[in-house]
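# Understanding the architecture of this molecule
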Amino acid sequence: CAPALSCLICGSPSTGGKVSKVKVEVTTCPCGKDSYASCCQPFVDGEDIAPTAEALMRSRYSAFALGAADYLLASWHPRTRPSRVRLDPEQKWIGLSIKSTEAGQEGDSSGVVEFVARFKITGKGHRLHERSRFENIEGRWYYLDGDHL
């Protein structure tokens, strides 16, 4: 497992690929906006729900960075949710940039967030540029799907 992560869920070789929880401290939020405790942690830990599509997008990025597969599944729209999320332990998320948002505020039924997420796999840099669609169901935002740009 990577150091300096909070509530990391991983299937590392040292655990024989079994899922385990590791509790350590994170100070800066992986999404880059604020401290983890005041930004994405309440959503990833299930203590609160994301109030906007952008907040859900940021918390999902943080969940990818921290290996929180359970949160990724829980925040995925029931209509498009896969049966499981496979996280690559070699993939290291290194930055998120929100390019634009459309709707997705409290009281909206849908929203779009365009973002670029940067990551490395075995030291080689990559970018994921996507326009993600979100839907609000009974006051809770869900990731519906997205188009890679």
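Counting from 1, residues in each chain are numbered in the order their sequence is written. Only residues with pLDDT of at least 70 are given local features in this predicted model, and only at 80 or more are side-chain atom pairs given and counted; all residues enter the totals for whole chains, interfaces and linings. Side-chain metrics rest on all non-hydrogen atoms present in the structure, leaving aside hydrogens and water.

### Thoughts on unusual backbone geometry
Even without glycine at this site, Thr-122 takes up a positive phi of about 45°. The way it works is that DSSP assigns letters per residue, a run of H or I at least four long becomes a helix, a run of E at least two long becomes a strand, and they are numbered from the N terminus. With respect to the element layout, Thr-122 can be found in the loop between strand S4 (110-121) and strand S5 (124-137). The phi dihedral of Glu-138 is positive, around 50°, even though this residue is not glycine. Counting through the fold element by element, Glu-138 comes out in the loop between S5 and strand S6 (140-148).

### With respect to the packing of aromatic side chains
The aromatic pairing rule takes the rings of Phe, Tyr and Trp, using the six-membered ring of Trp, and pairs them if the centres are within 6.5 Å, calling planes under 30 degrees apart stacked, those over 60 edge-to-face and the rest tilted. The final tally for this structure, using the stated rule, is five aromatic pairs. On the numbers, 5.7 Å between centres and 80° between planes, the contact of Tyr-61 with Trp-93 is edge-to-face. Remark: Trp-93 occurs in strand S3 (residues 91-103) and Tyr-61 occurs in helix H2 (residues 53-66); sequence separation between them is 32 residues. Think of it in three bands: with a 1.4 Å probe and only protein chains considered, a residue is buried below 20% of the maximum accessible area for its type, exposed above 50%, and partly exposed in between. Owing to a relative accessible area of 3%, Tyr-61 belongs among the buried residues under this scheme. The exposure class assigned to Trp-93 is buried, which follows from its relative accessible area of 17%. Here Phe-64 and Trp-93 contribute two aromatic rings whose centre-to-centre distance is 5.7 Å and whose plane-to-plane angle is 50°, an arrangement assigned as tilted. Highlighted residues: Phe-64 in helix H2 and Trp-93 in strand S3, separated in sequence by 29 residues. Taking the relative accessible area as the measure of exposure, Phe-64 reaches 28% and is therefore partly exposed. Counting every residue linked through ring pairs, the aromatic cluster contains Tyr-61, Phe-64, Trp-93 and Phe-119. Against the face of Trp-76 rests Arg-60, its NZ or CZ located 4.9 Å from the ring centre. Distance and angle both matter: a charge sits over a ring if NZ of Lys or CZ of Arg is within 6 Å of the ring centre and within 35 degrees of the ring normal.

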